[in-house]
Amino acid sequence: MAYYCLTVTRLRLALGPGARRVHVAAALRARAQVSMSRFEPDSFVNYEKMSKNIGIVRKRLGRPLTLSEKIVYGHLDDPAGQEIERGRTYLRLRPDRVAMQDATAQMAMLQFISSGLPRVAVPSTIHCDHLIEAQTGADKDLQRAKDVNKEVYNFLATAGAKYGVGFWKPGSGIIHQIILENYAYPGVLLIGTDSHTPNGGGLGAICIGVGGADAVDVMADIPWELKCPNVIGVKLTGSLSGWTSPKDVILKVAGILTVKGGTGAIVEYHGPGVDSISCTGMATICNMGAEIGATTSVFPYNHRMRTYLEKTGRREISAVADSFHQDLVPDEGCEYDQVVEINLSELKPHINGPFTPDWAHPVSEIGATAKKNDWPLEVKVGLIGSCTNSSYEDMGRAASLAKQALDKGLRCKSEFTVTPGSEQIRATIERDGYAQILRDVGGVVLANACGPCIGQWDRKDVKKGEKNTIVTSYNRNFTGRNDANPATHAFVTSPEVVTAMAIAGTLDFNPETDFLTAANGEKFRLQPPTGDELPSRDFDPGQDTYQHPPPQGSSVKVDVSPSSNRLQLLEPFDRWSGTDLEELRVLIKVKGKCTTDHISAAGPWLKFRGHLDNISNNMLIGAVNTQNDGVNSVKNQLTGQYGGVPEVARHYKAEGVGWVVVGDENYGEGSSREHAALEPRHLGGRAIIVKSFARIHETNLKKQGMLPLTFADPQDYDKVGPEDKVSIQGLESFSPGKPLTAVLKHADGSLDSISLNHTFNQPQIEWFKAGSALNRMKELQ
């Protein structure tokens, strides 16, 4: 089996000013077959440079720094001159690498192709994990995906080869698990085109989810902008034990902070309780931090991370990290903007949902709560795995419970699925017997991919509209997300609790106290789960699934057929006209929660992620219209007839009529998908006016030349009528910190004037004027 090894003979990692330098390439090559790590030259953070930058900033600010500040400020483009104020200034940063999953990589690479640049400037990878639909099991599902998505996979593979981007083939695993196994390490700054990129924080890395246009900036060697994050400290005391798992930490935090409580902030875990959590457990906690709106989450470097690095073939990196340990932990006396304290010894198993990941319940109380709210108690399906919980430890602990049930003659009463996070995890749990135990108890092992977590699930056991309950170890449970059924009550919890509830078949089963009945009639209680943090032997890398780009890719041909319904080359968006935007129509006034799933649904629509016009047919089809409480039903103000949201938007565009969307709080929460910004722009939208935005979506809108605006007075949301004409004034003097004005012309002819805030800085205003960030990049070339 062929494995990629470094072509350079030396890779230098600085140990400190004037100190010796460690040459690690040869050792990394020796470990490559164990770890499947794919290292590129210059793909590591320069610890010496980062340490120097930290010193510059610490001296300037005159105060101790948090860990996240050290890593972020350590990557400043200009540490001596950068204005730094938490929550206000925009930082210009130099990330170390970029990672893209296949659904978002299509648009990111199409934008990079449009830039005209010959090759990416930083190490970058594409990961094929989103386009594999779960139907019958791993082998058949993977082969079907390869057949159905052949055109897209070929595009991504050839684009990667041409522009210098590594390509992880379908079946390799979920992007975040691959990053943890190969690319994340203490102190690295990595951006990824997926909202759960913060998973890498479990290895002491700052890993941030972004839209594709942000990835293009970094790949084009342009400093990446990030609003200087606030820092929320979560102090952990005590230690985990029994049924309580790392997942319960973030389920508890989500219940405290809610889905928008982390917006604009990095969540930094610290305290004596940290050392009781495995490295992959820390990754679980950081992964689901996306559900509280956090920019990212991070843990301080410790012995758990060192052990994980060693086990995944990166002993030399851990040695260098040890030498720079002081830069990979918070300074004593550093200050957080908010502190949450959790005693792990007192923390109980939790389960969150339905329909939102911040509705937290102790497992001991969920049964009574479900009965009170008339939620279905029967668990139709239990699903474990996903990027959040698919580690060796997760699978081992779930298998320990399955083994107890099998020993008593029991199998799962619910359907049960298992999603390994990577080919390395799959191969290792097969070798060590966990996979077979999970099959024996009734589980179906799915492909190494996202699968049902993102709606790639051809579910057959219930009809659409049928009320039912599923329990997952995933991270997100918005309405209809997993199976496109709005009546499915989805709950998120730990893999251990999912497995126990799948065995019992009911939501009101509390594994800490309740009994099961063995095949012989004996009553018994499941003992707390156990499992090794890491395999006693080395990981089995499984099949080779990585394609490294050639040294020169100029001769590689990238084909995009004009007749394709999967891929479409991008046309530049139009420049701003130079005048105020007059009498825009309200396409839809959205009622309540509006996530990126509502704005640009996944599931069957994923196949169009590389074709902007086709995927625009799903724009806002999940959003609820205040005018009629309907979904995908809005009034066309030019005809007086009702139609689907994309249909009406297309009609407005054809008639030269611009439009706006009006929304509520935390608009655009959830996935990083920039299609939720591209589609409104493509169909003629000019502005999105809401009470508040989720961070990634607000940035994505700016990148595409849209105006993300917020009501200066949130009560003004009520002033906007669904049939109003909206004029946005003040654009000719558009400047940072200066509000714009919206004049609302109501259906009865009366007028209201309201103030709209924005967070644009001057470079972002230039994006708007040019029509998009990509247009501006090309202007400056």
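Analysis parameters
- Residues numbered from 1 in each chain as written.
- Predicted model: local features only at pLDDT ≥ 70, side-chain atom pairs only at ≥ 80, totals over all residues.
- Heavy atoms only, no water.
- Axes fitted to C-alpha atoms, helices over the stretch in contact; angles between N-to-C directions.
- Helix = DSSP H or I, 4+ residues; strand = E, 2+ residues; numbered from the N terminus.
- Parallel < 35°, antiparallel > 145°, perpendicular 65-115°, else oblique.
- Left-handed = near helix turned anticlockwise from the far one by under 90°.
- Contact = heavy atoms within 4.5 Å.
- Salt bridge = Lys/Arg side-chain N within 4 Å of Asp/Glu carboxyl O.
- Buried < 20%, exposed > 50% of the residue type's maximum accessible area, 1.4 Å probe, protein only.
- Pairing = 2+ DSSP bridges.
- Core = buried A, V, L, I, M, F, W, Y, C linked by side-chain atoms within 4.5 Å.
- Nonpolar A, V, L, I, M, F, W, Y, C, P; charged D, E, K, R; others polar.
- Phe/Tyr/Trp six-rings, centres within 6.5 Å; stacked < 30°, edge-to-face > 60°.

1. Things to note about the packing of helix α14 (residues 392-407) against helix α17 (residues 495-504)
In step 1: Axis separation between α14 and α17 bottoms out at 8 Å; the angle between their running directions is 25°. Relative to α17, the element α14 lies roughly parallel. Judged by the sense of rotation from one axis to the other, the crossing of α14 with α17 is right-handed. Between α14 and α17, the residues in contact are Asp394, Arg397, Ala398, Leu401, Ala402 and Ala405 and Pro495, Glu496, Thr499 and Ile503, respectively.

2. A look at the pattern of salt bridges
In step 1: For the coordinates displayed, the defined rule picks out 45 salt bridges.
In step 2: We note a salt bridge from Arg476 to Glu291, for which the minimum N-O separation is 2.5 Å. Placement of Arg476 in the loop between β19 (468-472) and β20 (488-493) and of Glu291 in the loop between α10 (279-287) and β12 (296-298) is noted, with a sequence separation of 185 residues between them.
In step 3: For Arg476, a relative accessible area of 1% puts it in the buried group.

3. Topic: unusual backbone geometry
In step 1: Cis geometry is found at the peptide bond from Gly353 to Pro354, where omega equals 0°.
In step 2: On the secondary structure map, Pro354 appears in the loop between β14 (350-352) and β15 (360-362).
In step 3: For Thr258, which is not a glycine, the phi torsion comes out positive at approximately 70°.
In step 4: Among the structural elements, Thr258 can be located in the loop between α9 (246-257) and β11 (265-270).
In step 5: For Thr258, a relative accessible area of 32% corresponds to the partly exposed category.
In step 6: Its identity is not glycine, yet Ser386 carries a phi of approximately 80°, on the positive side.
In step 7: Considering the arrangement of structural elements, one finds Ser386 in the loop between β16 (379-385) and α14.
In step 8: What makes Ser386 buried here is its relative accessible area of 1%.

4. A closer look at the sheet that holds strand β13 (residues 338-343)
In step 1: Pairing is parallel in the open sheet, where four strands are placed in the order β12-β11-β10-β13. In this open sheet, the two edge strands, each paired with only one partner strand, are β12 and β13. Taking the axes of each pair of neighbouring strands and ignoring which way they run, one obtains an average angle of 20° across the sheet.
In step 2: Against the sheet, α9 engages β10 (230-237), β11 and β13, with an angle of about 135° to β13.

5. Some remarks on the nonpolar core
In step 1: Formed by 168 residues in total, the largest nonpolar core has its most connected members in Leu236, Tyr269 and Phe299.
In step 2: The contacts of Tyr269, once residues within four sequence positions are left out, are Val234, Leu236, Val249, Ile250, Val253, Val274, Ile285, Ser297, Val298, Phe299 and Pro300.

6. A few points about the environment of Gly367
In step 1: Mapped onto the elements, Gly367 comes out in helix α13 (residues 363-373).
In step 2: Taking the C-alpha atoms as reference points, Gly367 and Ala290, separated by 77 residues in sequence, lie 27 Å from one another.
In step 3: The contacts of Gly367, once residues within four sequence positions are left out, are Leu377 and Asp508.

7. Examining the packing of helix α4 (residues 102-115) against helix α24 (residues 773-780)
In step 1: It is the contact of α4 with α24, at a shortest axis distance of 10 Å, that shows an interaxial angle of 25°. In terms of orientation, α4 and α24 fall into the roughly parallel class. α24 is crossed by α4, and the crossing has right-handed handedness. In contact with Gln111, Ser114 and Ser115 of α4, α24 contributes Leu774, Met777 and Lys778.
In step 2: Residue composition of the contact of α4 with α24, grouped by class: two nonpolar, three polar and one charged.

8. Some details on the packing of aromatic side chains
In step 1: Tallied over the full model, the rule gives 15 aromatic pairs.
In step 2: Centre to centre, the rings of Trp168 and Tyr183 are 6.4 Å apart; their planes meet at 80°, and the pair counts as edge-to-face. One end of the pair, Trp168, is in strand β6 (residues 166-168); the other, Tyr183, is in the loop between α7 (175-182) and β7 (189-192), and 15 residues separate them in sequence.
In step 3: Taking relative accessible area as the criterion, Trp168 reaches 1% and is therefore assigned buried.
In step 4: A residue is classified by how much of its surface remains accessible, and Tyr183, at 3% relative accessible area, is buried.
In step 5: Considering the side-chain rings of Trp576 and Phe768, the 5.6 Å spacing of their centres and the 40° angle between planes classify their relative orientation as tilted. Taken together, the residues span a long stretch of sequence, with Trp576 in the loop between β23 (546-547) and β24 (581-589) and Phe768 in helix α23 (residues 762-770) at a distance of 192 residues.
In step 6: Trp576 sits in the buried class, given a relative accessible area of 13%.
In step 7: The buried category is assigned to Phe768, whose relative accessible area is 2%.

9. As for the pairing of strand β17 (residues 415-419)
In step 1: Most of β17 is tucked away: four of the five residues are buried.
In step 2: With five bridges joining them, β16 and β17 adopt parallel strand pairing. When the bridges of β17 are listed, Ile384 appears paired with Val418.
In step 3: Direction of pairing for β17 relative to strand β18 (residues 443-445): parallel, over a ladder of three bridges. Across the sheet, the residue bridging to Phe416 is Gly443, located in β18.

Geometric descriptors of this kind do not, in isolation, establish any biological role.
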